[in-house]
Amino acid sequence: MFNALKKKFNSTVGKLTDKVSREAESEGLKNEDKPSEQSATLSRENKIEKISSVEDDLKEVEAEEKSKLPPSEKEKEVKSESKSFFSRFKSKESIQKDEKEVESVKPTTQDKSIEEEELDGDKSSIFSFIREKTLSEKDVEDILWELEMSLLESDVALEVAETIISSVKNDLVGKKIKRSSDVEDYTRQALKNAISTILDVESINIEHLINKKKAQGEPLIIMFVGINGTGKTTTIAKVSTYFIKKGYTPVIAASDTFRAGAIEQITHHAETIGIKIIKHKKGADPAAVAFDAVSHAKAQKKDLVLIDTAGRMQTNINLMDEMAKIKRVSRPDLIIFVGDSLTGNDAVAQAMKFNDTVNLDGIILTKAEADAKGGAALSIGYVIQKPILFLGTGQSYDDLIEFRPDWMVDQLI
Ligand SMILES: Nc1nc2c(ncn2[C@@H]2O[C@H](COP(=O)(O)OP(=O)(O)OP(=O)(O)O)[C@@H](O)[C@H]2O)c(=O)[nH]1
Ligand SMILES: [Mg+2]
């Protein structure tokens, strides 16, 4: 679910980390002359080279000094040289001592680990030359622009994409970075904050509302609206199953009296689940069916009335007016828009129109299991300022999950 969107956020984290690391490195190279830092990063080869060159210099100086000696001294020197000829036949102890000296020059395991540590240090922190870097607008600008384009490609609404980008920018600019993992951590956190803000729409607790109405001896009435084929009827069957499992008794109103086969379809679902359905003939007044279902629920002390409605294009004024009439007559407590997650921006545009006509209370997005883009899920609630309540995740009755913003944030980052 939402894999493409997730990939885009993760790639932003990766790109920004790489970019800032590279920049810090080049900034660091400019400061390369710092003596103490330079000696700290000398490699083992450099060190040996330096030591041998110092030794060579010493020998040269020694030789020079010797050449300055007066002849008599020179003779002494020759004597001592000849003496030292015998000293070439070394004692066992001195050979062992020499061997130890040679060993000490070879790289030991301990030395190796120092080298490796230096390398590891370079991997974990590219800031070996500079202490810290402050993120600037220039550092983040192009990568966030790329992210904005990717979000738009994923059908994220323009205002949502812009809000995410400016929130991330605000969070990141001015942050002090000490190691490359800081960039990663801060970027992830900034993205999480931005998405949480987008999804922060006041939600409703349907179970709480059912109980409240129950206490007044009334059923909670929910009407489902949306364009053709988004999954309204299937979702009503899923929502019934969900609340039956919680111990409530729903009744269904077959108020799609318009589409051929609609009454049969929902009757089949009601029978399979084992709940009461109130239906009239095809072509009957959908508002009257809803009214009868509410009367039945009141009389039979049912907890929940779920009203199915015919799919209608948001552009069809007559059908939109008819929907407003069902609302007036059945006086639902909640009106839920059912949108197809796969239609992205279209789902958002539909929700706006339905909201204008009947004032929605919440949203259910279907087919979310097949939605890689995630644009509708990210945008729809923010654009109409109504909460997503559930996601449909398949064709069976149990394929319904409660939508929680923190769950969505975890899915994406
Ligand atoms: N994969 C998947 N398919 C779904 C989901 N929800 C509904 N569907 C399928 O979508 C198709 C349309 O579902 P319906 O419930 O008939 O849609 P509707 O909105 O009632 O359609 P109309 O009554 O014609 O307006 C059916 O084949 C459903 O099985 C879902 O979450 N995932
Ligand atoms: Mg239907």
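Each chain carries its own residue numbering, running from 1 in the direction its sequence is written. As they are written, the chains are lettered A onward and the ligands numbered 1 onward, keeping that order. With the structure being a predicted model, the display of local features is reserved for residues of pLDDT at least 70 and the display and counting of side-chain atom pairs for 80 or more, all residues being used for whole-chain, interface and lining totals. Hydrogens and water are ignored here; the side-chain numbers use all heavy atoms of the structure.

1. Quick look at the overall build of the protein chain
Runs of E in the DSSP output that reach at least two residues are strands. Runs of H or I that reach at least four are helices, and both are numbered from the N terminus. Within the protein chain, the secondary structure is distributed over 17 helices and 10 strands. Relative accessibility decides the category of a residue: with a 1.4 Å probe and only protein chains considered, values under 20% of the type maximum give buried, values over 50% give exposed, and everything between is partly exposed. With 413 residues in all, the protein chain has 41% of them scored as buried. Restricting to contacts in the protein chain with at least 6 residues of sequence separation, those with at least 24 account for 79%. Total accessible area on the protein chain stands at roughly 22600 Å², and carbon and sulfur atoms take up 51% of it. Contacts: residue pairs with any heavy atoms within 4.5 Å of one another. Each accessible area value is a Shrake-Rupley result obtained with a 1.4 Å probe; residue values ignore everything except the protein chains displayed when judging cover.

2. Digging into helix H8 (residues 158–172)
By definition here, a helix of n residues has an expected span of 1.5 Å times n minus one. With 15 residues, H8 ought to run about 21 Å at 1.5 Å a step, and its terminal C-alpha atoms sit 21 Å apart, in line with that. Phi turns positive one or two residues past the end of H8, at Gly174, with a value near 100 degrees.

3. A look at the site of ligand 1
The full set close to ligand 1 counts 20 residues, and Gly231, Lys232, Thr233, Thr234 and Glu369 are the nearest of them. Gly311 places a polar main-chain atom, nitrogen or oxygen, 3.5 Å from an oxygen atom of ligand 1. The fraction of the free accessible surface of ligand 1 (650 Å²) that becomes covered by protein chains is 81%. With 4 residues, helix H11 (residues 232–245) is the single largest residue contributor to the shell around ligand 1. Near residues are defined by distance, with any heavy atom within 4 Å of the molecule or strand qualifying the residue. N or O atoms closer than or at 3.5 Å make up a polar contact, with two conditions inside protein: a donor-capable atom paired with an acceptor-capable one, and, for residues adjacent in sequence, both atoms drawn from side chains.

4. Thoughts on the sheet that holds strand E10 (residues 400–402)
Strands are treated as partners if at least two bridges between them are detected by DSSP. Reading across from one edge, E5-E4-E6-E3-E7-E8-E9-E10 is the order of the 8 strands in this open sheet, with mixed pairing throughout. Only two strands of the sheet have a single neighbouring strand rather than two, namely strand E5 (276–278) and E10. If you compare each strand with its neighbour and ignore which way they point, the axes differ by 25 degrees on average. When strand E7 (residues 334–340) meets strand E8 (residues 362–366), the two strands line up parallel, connected through 5 bridges. Pairing of Asp340 across the sheet is with Thr366, part of E8. Sitting on the sheet, helix H14 (residues 317–330) is in contact with strand E3 (220–225), strand E6 (304–309) and E7, with an inclination near 175 degrees to E3. All axes are obtained by fitting lines to C-alpha atoms, using only the stretch in contact for helices, and the reported angles, taken between N-to-C directions, cover 0 to 180 degrees.

5. Let's talk about helix H13 (residues 286–299)
Relative to the 20 Å expected for 14 residues at 1.5 Å per residue, H13 spans 20 Å between its end C-alpha atoms, a close match to the ideal helical length. Listed in full, the buried residues belonging to H13 are Pro286, Ala287, Val289, Ala290, Ala293, Val294, His296 and Ala297. Buried residues belonging to H13 abut E3, strand E4 (250–255), E5, E6 and H14.

6. So, the packing of aromatic side chains
Planes of paired rings set the category: under 30 degrees apart is stacked, over 60 is edge-to-face and the rest tilted, where pairs are Phe, Tyr or Trp rings (Trp by its six-membered ring) whose centres lie within 6.5 Å. Applying the stated criterion to the full structure yields 5 aromatic pairs. Taking the centre distance of 6.2 Å and the plane angle of 65 degrees together, the rings of Phe243 and Tyr248 count as edge-to-face. Among the residues examined, Phe243 registers a relative accessible area of 1% and is labelled buried. Judged by its relative accessible area of 9%, Tyr248 falls in the buried class. Here the aromatic cluster, defined as three or more aromatic residues joined through ring pairs, consists of Tyr242, Phe243, Tyr248 and Phe390. We note Lys175 situated over the ring of Tyr186; from NZ or CZ to the ring centre the distance is 5.4 Å. Criterion for a charge above a ring: Arg CZ or Lys NZ at most 6 Å from the ring centre, at most 35 degrees from the ring normal.

7. Points about the UniProt feature "domain: SRP54-type proteins GTP-binding" (unreviewed entry) in the protein chain
The positions UniProt marks with the feature "domain: SRP54-type proteins GTP-binding" (unreviewed entry) are residues 387–400. Secondary structure across residues 387–400 divides into 0% helix and 43% strand, with the first and last C-alpha atoms of the span separated by 16 Å. UniProt positions are given in the numbering used here, feature names are shortened, and annotations may be inferred rather than shown by experiment.

8. Re the nonpolar core
Here, nonpolar core means buried Ala, Val, Leu, Ile, Met, Phe, Trp, Tyr and Cys residues that are tied together by side-chain atoms lying within 4.5 Å of each other. Counting 71 residues, the largest nonpolar core has Phe9, Leu151, Leu378, Ile380, Met408 and Leu412 as its most contacted members. Among the elements that make up this core, the one with the highest residue count is helix H9 (residues 180–199) (7 residues). Viewed by domain, this core spans two of them, domain 1 (3–32 + 135–199) and domain 3 (206–412), each represented by three or more residues. Residue ranges assigned to the domains are those given by an automatic or database domain assignment.

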